[in-house]
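Tertiary structure, described
Below are the chains, spelled out letter by letter.
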Number of protein chains: 2
Amino acid sequence: MSSALTDLLRRPIVQAPMAGGISVPQLAAAVSEAGGLGFLAAGYKTADGMYQEIKQLRGLTGGPFGVNVFMPQPEHPGTGPGTPGGTGSAPPSATVEVYANQLAGEAAWYQTELGDPDSGRDDGYDAKLAVLLDDPVPVVSFHFGVPSHKALDALRRAGTFTLVTATTAEEALAVQEAGADAVIAQGVEAGGHQGTHRDVRENDGAGIGLLSLVAQLRESVSIPIVAAGGVMRGSQIAAVLAAGASAAQLGTAFLATPESGAHALHKRALTDPLFVRTELTRAFTGRPARALVNRFMREHGPYAPAAYPEINHLTQPLRKAAAKAGDAQGMALWAGQGHRLARELPAGQLVEVLAAELDAATAALTTGSVQR
Amino acid sequence: MSSALTDLLRRPIVQAPMAGGISVPQLAAAVSEAGGLGFLAAGYKTADGMYQEIKQLRGLTGGPFGVNVFMPQPEHPGTGPGTPGGTGSAPPSATVEVYANQLAGEAAWYQTELGDPDSGRDDGYDAKLAVLLDDPVPVVSFHFGVPSHKALDALRRAGTFTLVTATTAEEALAVQEAGADAVIAQGVEAGGHQGTHRDVRENDGAGIGLLSLVAQLRESVSIPIVAAGGVMRGSQIAAVLAAGASAAQLGTAFLATPESGAHALHKRALTDPLFVRTELTRAFTGRPARALVNRFMREHGPYAPAAYPEINHLTQPLRKAAAKAGDAQGMALWAGQGHRLARELPAGQLVEVLAAELDAATAALTTGSVQR
């Protein structure tokens with residue numbers, strides 16, 4: 001990474017921010033204390049909720065850490081003021097309503113109500129940015145789009161290192177041009193939301209594997225690359241470093257640790273033979289996100305509209321009720337393609353194990369002791 | 001790889017077999033002469049056609065080489081004798097007929113006839129195996145399924161090293177249990193046909209990225225792994241070796257070389273900005289295969305049935321006519337996700353460049369000169 005981030009990291013290991021209560025301060029602290037980079041997820045939180053977590057984290061570690069912010073989503077054409085023009089992926093509120101009707105049975109089953117799809121589109125972006133400029137943190141990353149040049153400049157002046165997710169070479173170029181310090185190359189293997197800058201149906205099925213993506217980005221941009229997607233072992237970290245990345249970002253690997261705030265059912269599902277595979281689905285949030293295939297995805301994925309964050313608001317009470325009922329088949333079991341390699345180690349210990357595996361893989365590669 | 005294959009390879013670089021006239025003897029010879037492993041593709045050929053190519057290749061190089069064979073496809077339930085039972089993915093001949101009707105306009109446009117979907121299912125498997133046992137070659141690989149224990153044993157006794165493609169850890173286990181010498185880990189990034197053992201609709205969207213797949217296979221099987229899918233640079237070869245593979249197999253990278261038999265339009269399309277992305281499609285052959293997205297895929301992909309090899313037979317005259325008319329929008333432009341990194345170097349020179357890149361990436365990884 002750029003010298004700024006190298007100074008922050010003893011190990012090229014970044015804990016991916018996982019919104020929805022998974023990336024709690026305890027997890028981030030354990031990772032940062034072990035020499036990796038812990039991360040908080042500001043997504044779905046208020047600016048104040050984010051700030052409370054930052055304060056809590058600072059109380060747990062003096063180490064470096066990051067905060068991830070979701071970019072506000074453009075208005076869908078025809079649904080509000082400030083419309084940035086037709087995208088071809090516009091979900092008129094009618095399609096959200098159709099989906100709501102299709103989910104009526106779920107609401108009845110879990111004895112709850114559907115959420116209000118119109119409970120806000122911008123996830124408190126401006127307020128969060130103001131907090132992060134007012135009381136700067138070491139690292140801020142962005143998902144679902146590219147911040148303005150101005151915002152990235154302001155963060156840099158505040159001493160903050162900035163990262164932005166990209167899923168294609170074109171997106172990575174946009175990230176570099178906006179002035180970010182580094183780009184997160186998110187492969188199609190990654191659990192949770194793909195950070196694609198614009199969710200258009202045309203992109204469906206076009207997700208790029210991590211190793212291809214890193215190779216393409218390495219020749220498209222000059223800023224450092226953090227590789228994310230399906231990384232569960234130190235040997236894979238060695239692999240992405242060999243391919244040209246400066247560090248790896250791991251989500252699912254840390255989701256399984258005791259420090260993570262993931263629901264116990266979610267943690268257990270990662271290695272439950274009942275869940276054999278993952279898929280990208282719009283069923284839960286209206287934007288492609290990777291989860292273990294369960295009943296909810298099978299039933300609703302095929303016709304879920306491209307309408308984020310409306311669908312996220314709509315299904316939230318269903319997911320809460322399913323979790324409360326102990327029904328993993330109705331929850332969003334976010335997981336990357338490597339989920340079956342999850343280990344329940346404490347997060348700090350996981351960082352140590354990953355670092356040792358990285359060293360071993362590196363040594364094996366050069367001494368030629370790789371099995372050939 | 002196992003000592004047997006190590007002896008054959010000076011470089012951990014395997015040229016992927018590409019059926020349909022791409023992997024010609026000239027290409028395989030150039031790769032083998034440069035210290036990689038050249039490959040012929042027996043798919044879509046008669047046993048005698050395959051043998052003629054083997055003889056030709058032997059005249060061009062004394063080096064080791066491989067021959068790839070397609071596994072015969074199980075009869076679809078209800079369409080013939082010897083039905084292995086319902087798979088849930090059965091394409092009754094009716095769905096093939098519906099697709100034929102939908103392609104009628106294409107046939108009219110290209111002034112040709114559709115092919116006969118029933119022109120054979122087994123691709124001459126038994127005859128090819130007999131030839132390969134009668135006059136053994138150094139390496140034989142299999143795609144679309146697992147050969148019998150007996151067949152693999154017979155090849156081993158004949159002195160042939162055997163490889164079988166797998167796209168999941170479960171498939172890799174089946175490959176190992178059948179007694180193959182090594183497994184090809186084919187990531188979702190790979191161009192052309194995915195070698196999934198059974199084409200069931202349920203697998204759609206479940207393709208695993210190469211780096212995740214190698215990590216999973218490394219902990220599922222003990223036989224050597226050859227990593228395939230999107231590999232275009234030596235740094236990616238270093239990456240898959242670090243992840244636990246013994247060699248990398250590259251298709252699209254060699255497709256672009258002057259020695260490959262690919263149509264000039266196909267070669268040009270790989271780096272033509274008109275074709276920005278690839279997708280898995282059943283439009284051309286009835287089985288998921290990755291190609292550059294063009295008009296034919298966009299129009300017919302969404303409703304193409306799971307019916308290989310019937311659809312392959314059906315569309316063959318269309319593809320030929322499109323190529324003859326110089327219309328890349330009607331051809332099957334097989335390509336992996338790394339296509340934009342294709343280089344037009346002679347194949348032997350490409351092997352040299354890849355090997356140098358591999359060495360450089362390995363050295364950078366260990367001296368820590370990776371940009372951090």
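Residues numbered from 1 in each chain as written. Chains lettered and ligands numbered in written order. Predicted model: local features only at pLDDT ≥ 70, side-chain atom pairs only at ≥ 80, totals over all residues. Heavy atoms only, no water.

Chain A has the name Probable nitronate monooxygenase in an unreviewed UniProt entry, where Streptomyces nodosus is given as its organism. Its UniProt record gives chain A the following Sequence similarities (unreviewed entry) comment, quoted word for word: "Belongs to the nitronate monooxygenase family. NMO class I subfamily." For chain A, the Cofactor (unreviewed entry) comment in UniProt is given as "FMN". (UniProt positions renumbered as here; feature names shortened; annotations may be inferred.)

The predicted coordinates ought not to be read in detail in places where the model reports low pLDDT. Scored by pLDDT, chain A comes out at a mean of 93, with 93% of its residues at no less than 70. Below pLDDT 50 for its whole length, residues 77-89 of chain A participates in 21 contacts with residues either more than four positions away or in separate chains. (pLDDT = per-residue confidence, 0-100. Contact = heavy atoms within 4.5 Å.)

Attention shifts here to the sheet that holds strand 10 (residues 278-281) of chain A. All names here are of chain A. If you trace the three strands from one edge of the open sheet to the other, you get 7-11-10, paired in antiparallel fashion. Two strands in the sheet have a free side with no partner beyond their single neighbour: strand 7 (192-193) and strand 10. As judged from the four bridges shared by strand 10 and strand 11 (residues 289-292), these two strands associate in the antiparallel manner. Paired with Thr 281 across the two strands is Ala 289, which belongs to strand 11. (Pairing = 2+ DSSP bridges. Helix = DSSP H or I, 4+ residues; strand = E, 2+ residues; numbered from the N terminus.)

Residue and element names in this part refer to chain A. Sheet architecture is open: eight strands sit in the order 1-9-8-6-5-4-3-2, paired in parallel fashion. If you trace the sheet from one side to the other, it starts and ends with strand 1 (13-15) and strand 2 (38-41), each paired once. Mean inter-strand twist for the sheet, computed between neighbouring axes without regard to direction, equals 25 degrees. Pairing between strand 2 and strand 3 (residues 65-70): four bridges, direction parallel. Across the sheet, Gly 38 pairs through a bridge with Phe 65, a residue of strand 3. Where helix 2 (residues 25-33) meets the sheet, its contacts fall on strand 1, strand 2 and strand 3, and the angle it forms with strand 2 comes to roughly 160 degrees. Strand contacts of helix 6 (residues 125-134): strand 3 and strand 4 (139-143), with the helix running at about 160 degrees to strand 3, the strand carrying the most contacts. (Axes fitted to C-alpha atoms, helices over the stretch in contact; angles between N-to-C directions.)

For the rest of this paragraph, the subject is the relation of the copies chain B and chain A. When chain B is fitted onto chain A, the two copies agree to an RMSD of 0.0 Å after a turn of 180 degrees and an axial shift of 0.0 Å. The transformation just described matches what one would write down for a two-fold rotation axis. Within chain B, B:Ala239 has its C-alpha nearest the rotation axis, a separation of 1.9 Å. (Least-squares fit on C-alpha atoms with pLDDT ≥ 70 in both.)

Our next topic: the packing of helix 10 (residues 234-243) of chain B against helix 15 (residues 347-367) of chain B. Residue and element names in this part refer to chain B. Interhelical geometry of helix 10 versus helix 15 gives an angle of 55 degrees and a closest axis separation of 7 Å. With respect to helix 15, the element helix 10 is oriented oblique. By crossing handedness, the relation of helix 10 to helix 15 is classed as right-handed. Residues Gly 234, Ser 235, Ile 237, Ala 238 and Leu 241 of helix 10 touch helix 15, and the partners they reach there are Leu 354, Glu 357, Leu 358, Ala 361 and Thr 362. Among the residues forming the contact of helix 10 with helix 15, the class breakdown is six nonpolar, three polar and one charged. (Parallel < 35°, antiparallel > 145°, perpendicular 65-115°, else oblique. Left-handed = near helix turned anticlockwise from the far one by under 90°. Nonpolar A, V, L, I, M, F, W, Y, C, P; charged D, E, K, R; others polar.)

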